Amino acid sequence: MANTFGGGSSVGARPASRVGAALTLALALIFASAQQAGAAPVVTAAGTVPAAASVPLMPLTATALRSFDTQMIDLVNQARVAAGVPRVAEATGLTQLSVSWSAQMDSGATGYQLQHNPNAWTMVLTYGAANRTAWGENVASSSSTGSSAQDIFSAYMNSPGHRANILSTKYRYIGMGTVGGAHGLYNTTEFTDAVQPGQAVSTAAPAPAPAPAPTTISNGDFITDTTTHAVYRVAGGAPVYISSWTPFGGARTTKAISHDRVVAMPRYPAAGTFLRAAGGTGAVYRVAGGAPVYVSSWAPFGGAKAVVDIDPAAVSNGGGTGYWIHLHAQPADGTLVRTPGSGAIYRMAGGAPLYVATWAGIGGAQPTVDLDPAAVAHGGQSGYWSHLRWYPSTTTYVMPYGSPAVYRVVDGVATHLTSWSLVGGVKPTTVIHPLALSSAGGSGYYSHLKK
């Protein structure tokens, strides 16, 4: 099975570095005998990071096929739209990493054998995705430079593992790198859920057929999915499900929106959006990492702010499935939050805020979301405060920045994990400040991990 480190899919063929299973051997034989133009490419999808010394990427000596890569990205996005999944945007750094790894395979550094970049999970940190929490990689090769982008893409889509990466809802960004030379074509595709500001570039969309101007959608609008007939309220750009009109005092006028357009909207409200539970308590929340975090007072934010009223059930069902997928129960792993006043910064891991003592300790300054300090102080409590934990959930996996060591958190205690095999394979991991581990069991900022 292919594995993706950091939350990717876990289906498909084995990594190329672990040849031996019948299916993988069959693909290898196809590769060895494919000398004619248009022969079926060999593909492999994975994300495991075997214990291996860091392999520096070689400079590009083969021909980088930019037009080919543009076609590949278009094919990926066409498939995602058809499957009702948001398009991915190309990211400059991810493409640079993809091209470099394809060039390395073409150069003979892997013995001209198709295999995954064993260090990609950590390398993406320096290729514009230091804030990623999920990653996946597809690699393919063809002995013929006559193979087309459609040939490579079709081979990917005919393999469950590669198809899962291409259509995964976890990924929002893509890097594409294909090189061609004397040994044919090598393609590497990188996927992540996040990239740093300035990395994303626009991707060319197929020219649309002439159509009437689309209905405008604004925050606060009530919309109806014309396929599912589900009703949502737009908050922070995302559709938040409405299970009943009662909290709003009765039915409201809605805008009819196509299912494809609803699916293409941001999955979660934008960071910093203020939400209010309609009717009843009128509790106010601020969105951080897709989760509604309680606001007990406007004072930390300099006074009252504009809010969007939503169905209270959307808050209580945060983290659910189906229509409830547009709010998390707790902020997503890797989210950075700040408490006004003290200016303390935390990185979320397993729903708990782990202190960031310095920006250098996580690779440099990154965007944060201001939260009510009381929400942090009351983390782990029930009711309104339940959207932050005091200790990371069991089981959370963390990695101190600058170290390959992984720690497993159980009941608030982080213990060094010597092998992924002990927990059934690679799991999603959050990079945190090293002092959050070394100062575990302390007071104040360092009280969110036990000794």
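Up top you'll find the structure we're talking about.
Quick look at the structure, then. (Residues numbered from 1 in each chain as written. Predicted model: local features only at pLDDT ≥ 70, side-chain atom pairs only at ≥ 80, totals over all residues. Heavy atoms only, no water.)

### Considering the overall build of the protein chain
Here comes step 1: A tally of regular secondary structure across the protein chain gives 10 helices and 23 strands.
Here comes step 2: In the protein chain, which comprises 451 residues, the share counted as buried stands at 49%.
Here comes step 3: Considering only residue pairs separated by 6 or more positions, the protein chain has 67% of its internal contacts joining residues 24 or more positions apart.
Here comes step 4: On the protein chain, roughly 18600 Å² of surface is accessible, and the fraction owed to carbon and sulfur atoms is 56%. (Helix = DSSP H or I, 4+ residues; strand = E, 2+ residues; numbered from the N terminus. Buried < 20%, exposed > 50% of the residue type's maximum accessible area, 1.4 Å probe, protein only. Contact = heavy atoms within 4.5 Å. Areas by Shrake-Rupley, 256 points an atom, 1.4 Å probe, with all protein chains shown as cover.)

### Considerations on the packing of aromatic side chains
Here comes step 1: As enumerated under the stated definition, the model contains 19 aromatic pairs in all.
Here comes step 2: Look at Tyr-171 and Phe-191: their rings are 5.4 Å apart centre to centre, the planes differ by 25 degrees, and that puts the pair in the stacked class. Of the two residues, Tyr-171 sits in the loop between helix H6 (160-167) and strand S5 (173-181) while Phe-191 sits in strand S6 (residues 184-192), which places them 20 residues apart along the sequence.
Here comes step 3: Its relative accessible area of 0% is what places Phe-191 among the buried residues.
Here comes step 4: Summarising the aromatic geometry, the rings of Trp-245 and Phe-248 are spaced 6.2 Å apart at their centres and angled 75 degrees between planes, so their arrangement reads as edge-to-face.
Here comes step 5: Phe-248 gets classed as buried once you look at its relative accessible area, which sits at 8%.
Here comes step 6: Every member of this aromatic cluster is reached through a ring pair, and the members are Tyr-232, Tyr-241, Tyr-323 and Trp-324.
Here comes step 7: Over the ring of Trp-121 we find Arg-132; its NZ or CZ atom is 3.3 Å from the centre of that ring.
Here comes step 8: Sitting above the plane of the Tyr-391 ring, Lys-450 keeps its charged end 5.0 Å from the centroid. (Phe/Tyr/Trp six-rings, centres within 6.5 Å; stacked < 30°, edge-to-face > 60°. Lys NZ or Arg CZ within 6 Å of the ring centre and 35° of its normal.)

### With respect to the packing of helix H2 (residues 66-82) against helix H5 (residues 149-157)
Here comes step 1: Two numbers describe how H2 lies on H5: the axes approach to 9 Å, and their chain directions differ by 40 degrees. The pairing of H2 with H5 is recorded here as oblique in orientation. In this structure, the crossing between H2 and H5 has a hand that is right-handed. Contact residues: Phe-68, Gln-71, Met-72, Leu-75, Val-76 and Ala-79 in H2; Ala-149, Gln-150, Ile-152, Phe-153, Tyr-156 and Met-157 in H5.
Here comes step 2: Its residues placed into classes, the contact of H2 with H5 shows 10 nonpolar, two polar and no charged. (Axes fitted to C-alpha atoms, helices over the stretch in contact; angles between N-to-C directions. Parallel < 35°, antiparallel > 145°, perpendicular 65-115°, else oblique. Left-handed = near helix turned anticlockwise from the far one by under 90°. Nonpolar A, V, L, I, M, F, W, Y, C, P; charged D, E, K, R; others polar.)

### Brief notes about the environment of Ala-140
Here comes step 1: Relative to the elements of secondary structure, Ala-140 occurs in strand S4 (residues 135-142).
Here comes step 2: Distance from Ala-140 to Leu-114, taken between C-alpha atoms, is 7.0 Å for residues 26 residues apart in sequence.

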